[in-house]
Amino acid sequence: AGASVETYLLERSRVTRQAEGERNYHIFYQLLAGASAAERQRWRLLPAASAPYVSGCVSVPTLDDAAGYAEFCEALGTFDAKAPGCS
């Protein structure tokens, strides 16, 4: 077994505004795409376009957000953790 550590630079300016074609909070978009309609209603999640700090870029053609959410859930299972909405 092994591990790797990755370091990320969080630039405050990139959190509150993004360049054209960029978006932030990828897990947010993945959750919206992967959660069921009932879960989104229970968690009171509105469409991404109506959320604060979201630029005009809601979807990225090269990314499958629902698959990303499924991968996130699978990764949590590796640690015996479960997120709401992950079966």
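From a predicted model like this one, the values you see are computed outputs, not experimental measurements. Every chain is numbered independently, its residues counted from 1 as its sequence is written. pLDDT decides what is reported in this predicted model: residues at 70 or higher carry local features, side-chain atom pairs at 80 or more are listed and counted, and totals for whole chains, interfaces and linings draw on all residues regardless. Calculated side-chain values reflect all of the structure's heavy atoms, with hydrogen atoms and water omitted.

Could you give me a rundown of the overall build of the chain, with the residues and numbers involved?
A tally of helices and strands in the chain yields 4 helices and 0 strands. Starting at the N terminus and walking to the C terminus, you meet the elements of the chain as α-α-α-α. In this scheme, a residue with accessible area under 20% of its type's maximum is buried, one over 50% is exposed, and one in between is partly exposed, where area comes from a 1.4 Å probe on protein chains only. Residue burial in the chain is summarised as follows: out of 87 residues, 22% are buried. A separation threshold of at least 6 residues defines the contact pool for the chain, and within that pool the share at least 24 residues apart is 56%. If you sum the accessible surface of the chain, you get close to 6900 Å²; carbon and sulfur atoms cover 56% of it. Runs of H or I in DSSP of at least four residues are treated as helices and runs of E of at least two as strands, each being numbered from the N terminus. It only takes one pair of heavy atoms within 4.5 Å for two residues to be counted as in contact. Each accessible area value is a Shrake-Rupley result obtained with a 1.4 Å probe; residue values ignore everything except the protein chains displayed when judging cover.

Residues and numbers for the nonpolar core, please.
The set of buried Ala, Val, Leu, Ile, Met, Phe, Trp, Tyr and Cys residues whose side-chain atoms join them within 4.5 Å is what this entry labels a nonpolar core. In terms of nonpolar packing, the biggest core is built from 5 residues, these being Tyr 69, Cys 73, Leu 76, Ala 83 and Cys 86. In this view, Cys 86 contacts Tyr 69 and Cys 73; residues no more than four positions away in its chain are not counted.

Describe in detail unusual backbone geometry, supporting the description with residues and values.
For Arg 44, which is not glycine, the phi torsion reads 55° and is therefore positive. Here Arg 44 shows up in the loop between helix H3 (37–42) and helix H4 (65–78). One non-glycine residue, Asp 80, lies in positive phi territory at about 60°. Residue position: Asp 80 is located in the segment after H4.

Talk me through the packing of helix H2 (residues 26–34) against H4; I want residue IDs and the actual numbers.
Between two packed helices, the angle of one axis relative to the other and the distance separating the axes together describe the packing. What counts as an axis is a line fitted to C-alpha atoms, over the stretch in contact for a helix, and the angles between N-to-C directions run from 0 to 180 degrees. Here H2 crosses H4 at 100°, and the two axes come no closer than 7 Å. Overall, the two elements H2 and H4 adopt an arrangement that is roughly perpendicular. Packed against H2, whose contacting residues are Ile 27, Tyr 29, Gln 30, Leu 31, Ala 33 and Gly 34, the element H4 presents Asp 65, Ala 66, Gly 68, Tyr 69 and Phe 72 at the interface. Polarity classes work like this: nonpolar for Ala, Val, Leu, Ile, Met, Phe, Trp, Tyr, Cys and Pro, charged for Asp, Glu, Lys and Arg, and polar for all others, with Gly in that last group. Grouping the constituent residues of the contact of H2 with H4 by class yields 7 nonpolar, 3 polar and 1 charged. Our angle categories are set so that under 35 degrees counts as roughly parallel, over 145 as roughly antiparallel, 65 to 115 as roughly perpendicular, and the remainder as oblique.

Before we move on, could you go through H4 and cite the residues and values that matter?
Here H4 spans 20 Å end to end across 14 residues, near enough to the 20 Å set by a 1.5 Å rise per residue. For H4, the full list of buried residues reads Asp 65, Gly 68, Tyr 69, Cys 73 and Leu 76. Each buried residue of H4 lies within a common arc of 140° when the element is viewed along its axis, so the set occupies one face. In H4, those exposed residues whose orientation departs by more than 90 degrees from the buried face are Glu 71, Glu 74 and Thr 78. Of the surrounding secondary structure, the elements contacted by the buried residues of H4 are H2. Here a polar contact is taken to be a pair of N or O atoms separated by no more than 3.5 Å, where protein atoms must pair a possible hydrogen donor with a possible acceptor and residues adjacent in sequence count only if both atoms sit in side chains. With a side-chain oxygen lying 3.2 Å from the backbone nitrogen of Ala 66, the N-terminal cap of H4 falls on Asp 64. Helix span, expected: 1.5 Å multiplied by one less than the number of residues in the helix. What the arc describes is the spread of directions from the helix axis to the C-beta atoms.

Can you lay out H2 for me, pointing to particular residues and giving the numbers?
Along H2, the positions that sit buried rather than exposed are Tyr 29, Gln 30 and Leu 32. For H2, the angular spread of the buried residues around the axis is 160°, confining them to a single face. On its buried face, H2 is in contact with H3 and H4.

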